Amino acid sequence: HVFRTFDVMIVTPKETRDKLRYGSIQRIVSVMKSTVPVLVEVQGSAFEHFVDGYEYPCVYSKEGDKYPSLEEALDKLKDVSARKKCQEVGLRIAEDFDPDVMVKQLLNTL
């Protein structure tokens, strides 16, 4: 798998208004499934809700001070245990977005 050649993958939101408002969470989850630590840029309410809801630790933002800057986040990820935490939480998130799990949840609500 091509992603396994990287130590960390950075996922940024697409810059169109609809993608920022409603998110492009699938891109994040797809990379998380690869087991590579994912550094997520938090921009827009969908991304913020996603990372906060899962308490995802590997995030950065270009604006505000709620999240670390890119440089701060990358510096933190030099630590192997921080990358491992990204992987663990990322895989747990990816499991929640597994199609079988989502269908079961839908059927349970009906």
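Residues numbered from 1 in each chain as written. Predicted model: local features only at pLDDT ≥ 70, side-chain atom pairs only at ≥ 80, totals over all residues. Heavy atoms only, no water.

## Brief notes about unusual backbone geometry
Right, on to step 1. A positive phi angle, near 75°, is found at Thr35, a position not held by glycine.
Right, on to step 2. Residue classification places Thr35 among the partly exposed positions, given a relative accessible area of 30%.
Right, on to step 3. One non-glycine residue, Glu55, adopts positive backbone phi at about 50°.
Right, on to step 4. On the secondary structure map, Glu55 appears in the loop between α3 (45–53) and β3 (59–60).
Right, on to step 5. Among the residues examined, Glu55 registers a relative accessible area of 68% and is labelled exposed. (Buried < 20%, exposed > 50% of the residue type's maximum accessible area, 1.4 Å probe, protein only. Helix = DSSP H or I, 4+ residues; strand = E, 2+ residues; numbered from the N terminus.)

## Re the side chain of Ser34
Right, on to step 1. Along the chain, the position of Ser34 falls in the loop between α2 (25–32) and β2 (38–41).
Right, on to step 2. Separated by 2.5 Å, the side chain of Ser34 and the backbone oxygen of Val31 make a polar contact. (Polar contact = N/O pair within 3.5 Å; in protein donor to acceptor, adjacent residues only side chain to side chain.)

## Section: the state of the cysteines
Right, on to step 1. What the rule picks out here adds up to one disulfide.
Right, on to step 2. Here Cys58 pairs with Cys86 through a disulfide, and the sulfurs are 1.4 Å apart. Judged by the sign of its S-S torsion, about -85°, the bond between Cys58 and Cys86 is left-handed. Pair noted here: Cys58 is in the loop between α3 and β3 and Cys86 is in helix α5 (residues 80–96), with a separation of 28 residues, a long-range link.
Right, on to step 3. Look at Cys58 and you get buried, because its relative accessible area is 4%.
Right, on to step 4. By relative accessible area, Cys86 is classed as buried at 1%. (Disulfide = S-S within 2.5 Å.)

## Observations concerning the packing of α2 against α3
Right, on to step 1. Contact geometry for α2 and α3: axes closest at 10 Å, N-to-C directions at 40°. Judged on the interaxial angle alone, α3 and α2 are oblique. Across from Ile25, Ile28, Val29 and Met32 in α2, the residues of α3 making contact are Ala46, Phe47 and Phe50.
Right, on to step 2. Here the residues of the contact of α2 with α3 sort into seven nonpolar, no polar and no charged. (Axes fitted to C-alpha atoms, helices over the stretch in contact; angles between N-to-C directions. Parallel < 35°, antiparallel > 145°, perpendicular 65-115°, else oblique. Contact = heavy atoms within 4.5 Å. Nonpolar A, V, L, I, M, F, W, Y, C, P; charged D, E, K, R; others polar.)

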